[in-house]
Amino acid sequence: MGAPLSTRHFLDLWTLSGDDLRALLDEAARRKAARLGLPRGAADEDSPLSGHVLAMIFQKNSTRTRVSFDIGMRQLGGSTVVMSASDMQLGRGETIADTARVLSRMVDAVMIRANRHEDVEDFAAYADVPVINGLTDLSHPCQILADLMTIEARLGDVRGKTLAWVGDGNNVLASFVHAAPKLGFALRIATPPDYRPRGQEIAAAQKAGGDITLVAKPRDAVEGADVVVTDTWVSMGDPDKDARMAAFPPYAVTEDLMARAHKDALFLHCLPAHRGEEVSDAVIDGPQSAVWDEAENRIHAQKAVLLWCLGKL
Ligand code: CP
Ligand code: NVA
């Protein structure tokens, strides 16, 4: 038996309404402000997830996602169980469906970082508790919620702002594409010709009213932009490292490129960064960089996701 219709999974920003995304961003900012000065492991005053347990399954490496979900659950009054997929029976052939059925009897929600997006969808189809996408080959919705929160804290409402993506048309970009029509920001995307984002997602977002443009040259994406974003040229699981390292150098975010953006433009990167490749030290360590806020905001954004998934928001 699959999940009850009311189970709220967080698999992609595309599946949430603009109102839901707005509520998540507002809740994240509200809770962040309300706990200023508290030790990081201290619970929020209302401990809304007291007694709740989140299981986390990792098929790929992680620093930020692992720690931010763990600390986020503590701050909400709950706890976590963290597992590497290779250490589980999943790694010896137990099916995703059976794993989902078992964990649904033991924990209140499951976060999965998976190699294949369809495995997370499969897990959600058999789980009776909410399932959260902690990154797949196709998307990274938790990251983009934290990015949007970071933009709004520095620049105000993201509606009407222009974001420039420079680099690989990858999983992180896909979640920006999903959010653009929901929250009303423009997205200018510059990638090498062989590394464009998936056409069907761009078309669907444009059809939904998203102001999304693909350009060839980084400077055409960045000109006058409010935010410049990039990511690694070689994502976890990408097989073609040599071809990528040959194709991407013209897409590096340097001080010269940043100078073409709005003078108060932000620089974002989900991290981990490869300094001297997709971004120079001068940019990531410079005054326009908001990457450390962005990393911290993973905690606050995901607390809102957990509350939403568990029907508390
Ligand atoms: N940005 C991000 O998801 O980082 P980790 O891979 O360290 O979780
Ligand atoms: N695009 C990167 C993001 C890492 C957080 C990857 O998938 O490896």
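The coordinates are above.
I will try to describe carefully the structure that is included in this document.

1. A closer look at the layout of surface pockets
- Considered as a void within the structure, the largest pocket measures approximately 330 Å³ in volume.
- Only α2 (64-75) and α6 (171-183) provide two or more residues apiece to the lining of the largest pocket.
- Residue composition of the lining of the largest pocket, grouped by class: seven nonpolar, 10 polar and five charged.
- Taken as a whole, the second largest pocket encloses approximately 240 Å³ of empty space.
- As for the second largest pocket, its lining consists of 15 residues, of which D12, W14, T15, H117 and E121 are closest to the centre.

2. A closer look at the site of ligand 1
- All residues in the neighbourhood of ligand 1 are listed as S62, T63, R64, T65, R113, H140, Q143, C270, L271 and R298.
- Within the side chain of R113, a nitrogen or oxygen atom sits 2.8 Å from an oxygen atom of ligand 1.
- Starting from 260 Å² of accessible surface for ligand 1 in isolation, the protein chains cover 96%.
- Among the detected pockets, ligand 1 sits in the largest pocket.
- Of the residues that constitute the shell around ligand 1, the class distribution is two nonpolar, five polar and three charged.

3. Details of the sheet that holds strand β8 (residues 227-230)
- The strand order across the open sheet built from five strands is β7-β6-β5-β8-β9, with neighbouring strands paired in parallel fashion. Looking along the sheet, the strands with just one partner apiece sit at the ends: β7 (211-215) and β9 (266-269). The sheet shows a mean angle of 20 degrees between the axes of neighbouring strands, taken without regard to direction.

4. Some points on the site of ligand 2
- The immediate surroundings of ligand 2 are formed by L135, N170, N171, V172, D231, T232, S235, M236 and L271.
- N170 places a polar side-chain atom, nitrogen or oxygen, 3.4 Å from a nitrogen atom of ligand 2.
- At a separation of 2.7 Å, a nitrogen atom of ligand 2 approaches a polar side-chain atom of D231.
- Taken by itself ligand 2 offers 270 Å² of open surface, and the protein chains cover 94% of this.

5. What about the pattern of salt bridges?
- Taken as a whole and judged by the stated rule, the model has 23 salt bridges.
- The closest approach of N and O atoms between R101 and D98, which form a salt bridge, is 2.7 Å. Placement of the pair is R101 and D98 together in helix α3 (residues 96-104), with a separation of three residues, close to one helical turn.
- For D264, the salt bridge identified is with K263, shortest N-O distance 3.1 Å.
- With relative accessibility at 46%, the residue D264 sits in the partly exposed group.

6. Details of the nonpolar core
- In terms of nonpolar packing, the biggest core is built from 53 residues, with F10, I132, L148, F176, F185 and L187 touching the most fellow members.
- Leave out the neighbours within four places in its chain, and F185 touches L148, V158, G160, K161, L163, F176, A179, A180 and D211.
- In this structure, A190, V228, V253 and L271 belong to the second largest nonpolar core, which totals 23 residues.

7. Description of empty space enclosed by the protein
- Taken as a whole and judged by the stated rule, the model has one cavity of 30 Å³ or more.
- The computed volume of the largest cavity comes to approximately 70 Å³.
- As for the largest cavity, its lining consists of I57, Q59, L90, I96, I112, A114, D119 and F123.
- Its residues assigned to classes, the lining of the largest cavity comprises six nonpolar, one polar and one charged.

8. Structural notes on α6
- With 13 residues, α6 should reach 18 Å at 1.5 Å per residue; the first-to-last C-alpha distance of 19 Å fits that figure.
- Across the 13 residues that make up α6, a large majority, 12, are buried.
- Considered for burial, the residues of α6 that qualify are N171, V172, L173, A174, S175, F176, V177, H178, A179, A180, P181 and L183.
- Two to three positions downstream of the cap, the backbone nitrogen of V172 sits 3.0 Å from a side-chain oxygen, assigning the N-cap of α6 to N170.

9. Section: the sheet that holds strand β4 (residues 131-133)
- Pairing within the open sheet is parallel, and its four strands lie in the order β2-β1-β3-β4. Only two strands of the sheet have a single neighbouring strand rather than two, namely β2 (79-84) and β4. Neighbour-to-neighbour, the strand axes of the sheet open up by a mean angle of 20 degrees, direction not taken into account.
- Strand direction decides the pairing type here: strand β1 (residues 53-58) and strand β3 (residues 109-113), joined by five bridges, are parallel. Each bridged residue has a counterpart across the sheet, and for I57 the counterpart in β3 is I112.
- Contacts from α2 reach β1, β2, β3 and β4 within the one sheet, and its direction differs from that of β1 by about 175 degrees.
- Sheet strands in contact with helix α4 (residues 117-126) are β1, β3 and β4, and its direction is about 165 degrees off that of β4.

Conventions used here
Residues numbered from 1 in each chain as written. Chains lettered and ligands numbered in written order. Predicted model: local features only at pLDDT ≥ 70, side-chain atom pairs only at ≥ 80, totals over all residues. Heavy atoms only, no water. 1 Å grid on protein atoms, 1.4 Å probe; cavity = no way out; pocket = protein on both sides within 12 Å on 5 of 7 lines; lining within 4 Å. Points joined across faces, edges and corners; volume = space filled by probe spheres on them. Helix = DSSP H or I, 4+ residues; strand = E, 2+ residues; numbered from the N terminus. Nonpolar A, V, L, I, M, F, W, Y, C, P; charged D, E, K, R; others polar. Near = heavy atom within 4 Å. Polar contact = N/O pair within 3.5 Å; in protein donor to acceptor, adjacent residues only side chain to side chain. Areas by Shrake-Rupley, 256 points an atom, 1.4 Å probe, with all protein chains shown as cover. Sits in = over half its atoms within 2 Å of the grid points. Pairing = 2+ DSSP bridges. Axes fitted to C-alpha atoms, helices over the stretch in contact; angles between N-to-C directions. Salt bridge = Lys/Arg side-chain N within 4 Å of Asp/Glu carboxyl O. Buried < 20%, exposed > 50% of the residue type's maximum accessible area, 1.4 Å probe, protein only. Core = buried A, V, L, I, M, F, W, Y, C linked by side-chain atoms within 4.5 Å. Contact = heavy atoms within 4.5 Å. Expected span 1.5 Å × (residues − 1).

Without other data, these values stay purely geometric and don't point to any function.
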